[in-house]
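Chain and residue survey
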Amino acid sequence: MLSTKGLEFSYTNGDAMVFPDIHLESKSNLLVLGPSGCGKTTLLHLICGFLNPQKGSIHINNENFGALSVSKKDAFRGKHIGVVFQQAKHFSGMNCLEHLEYASYFSGRKNKSDENRQLLNQLGLEASLKQQASSLSQGQLQRLNIAMALINKPLLILADEPTAALDDTNCERVIELLKEQAQATEAALLIITHDQRLKSQFQNQLSL
């Protein structure tokens with residue numbers, strides 16, 4: 001499902017970052033650990049096409065993803081990749097349900113309203129379905145972003161510090177849902193974090 005080989009990247013006036021090769025099959029998961037500043041987010045941005053590697057290749061679902069044009073990367077990402085960002089994002093004037101409808105619309109997939117409600121309920125947002133996202137707490141916003149990443153049943157789920165703003169109860173709930181969703185949709189799951197609470201929940205780990 002996901003294969004990277006010989007990835008290297010450097011920012012202006014920065015040392016080159018060389019990343020270990022990754023081979024991740026469908027229904028499998030990988031926890032990437034490391035301290036702040038070690039290149040975890042850079043690695044995720046390379047895999048999802050927000051950055052272009054200076055060396056190396058990225059294949060997703062047998063597609064040479066790194067070689068696609070910007071527009072084709074955007075279309076591929078919308079259909080096949082779910083991204084949970086480190087900084088939770090939201091759109092002003094839209095409630096939680098409308099955020100999921102928006103995510104579905106831009107992927108070209110039509111979800112039923114009960115599917116959207118069910119996913120929000122699983123993430124503990126059942127009391128906030130029609131609440132404006134701008135009024136949510138940081139932890140609630142993070143769970144809404146996770147719902148947006150999962151709603152289209154992507155083939156690859158990429159999560160950047162998905163539990164950073166969550167307490168222990170919601171941390172466990174979110175990780176279980178991410179793992180269950182990956183199994184149910186035969187997706188590959190890659191989580192990057194410095195959250196030590198997750199180490200006991202993943203057998204497949206990589207340290208940067």
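Structure shown above.
Residues numbered from 1 in each chain as written. Predicted model: local features only at pLDDT ≥ 70, side-chain atom pairs only at ≥ 80, totals over all residues. Heavy atoms only, no water.

Running from N to C, helix H5 (residues 138-150) and helix H6 (residues 168-184) point in directions that differ by 5°, and their axes come no closer than 12 Å. Relative to H6, the element H5 is oriented roughly parallel. Residues Arg 143, Ile 146 and Leu 150 of H5 touch H6, and the partners they reach there are Asn 170, Arg 173, Val 174, Leu 177, Leu 178 and Gln 181. Tallied by class, the residues present in the contact of H5 with H6 amount to 5 nonpolar, 2 polar and 2 charged. (Axes fitted to C-alpha atoms, helices over the stretch in contact; angles between N-to-C directions. Helix = DSSP H or I, 4+ residues; strand = E, 2+ residues; numbered from the N terminus. Parallel < 35°, antiparallel > 145°, perpendicular 65-115°, else oblique. Contact = heavy atoms within 4.5 Å. Nonpolar A, V, L, I, M, F, W, Y, C, P; charged D, E, K, R; others polar.)

Helix length check: H5, at 13 residues, gives a terminal C-alpha distance of 19 Å against a target of 18 Å (1.5 Å per residue), a fit within 8%. Regarding H5, the residues found buried are Gly 139, Gln 140, Leu 141, Gln 142, Arg 143, Leu 144, Asn 145, Ile 146, Ala 147, Met 148, Ala 149 and Leu 150. (Expected span 1.5 Å × (residues − 1). Buried < 20%, exposed > 50% of the residue type's maximum accessible area, 1.4 Å probe, protein only.)

Right, let's get into the sheet that holds strand E7 (residues 81-84). Two modes of strand pairing occur in sheets, parallel and antiparallel, and in both the strands are linked by backbone hydrogen bonds. Spatially, the 5 strands line up as an open sheet ordered E7-E8-E9-E4-E10, and their pairing is parallel. The outermost strands of the open sheet, each flanked by one partner alone, are E7 and strand E10 (205-207). Strand after strand, the sheet turns through a mean of 15° between neighbouring axes, direction not considered. The pairing of strand E8 (residues 156-160) with strand E9 (residues 188-193) spans 5 bridges and is parallel. If you follow Ile 157 over to E9, its bridge partner there is Leu 189. (Pairing = 2+ DSSP bridges.)

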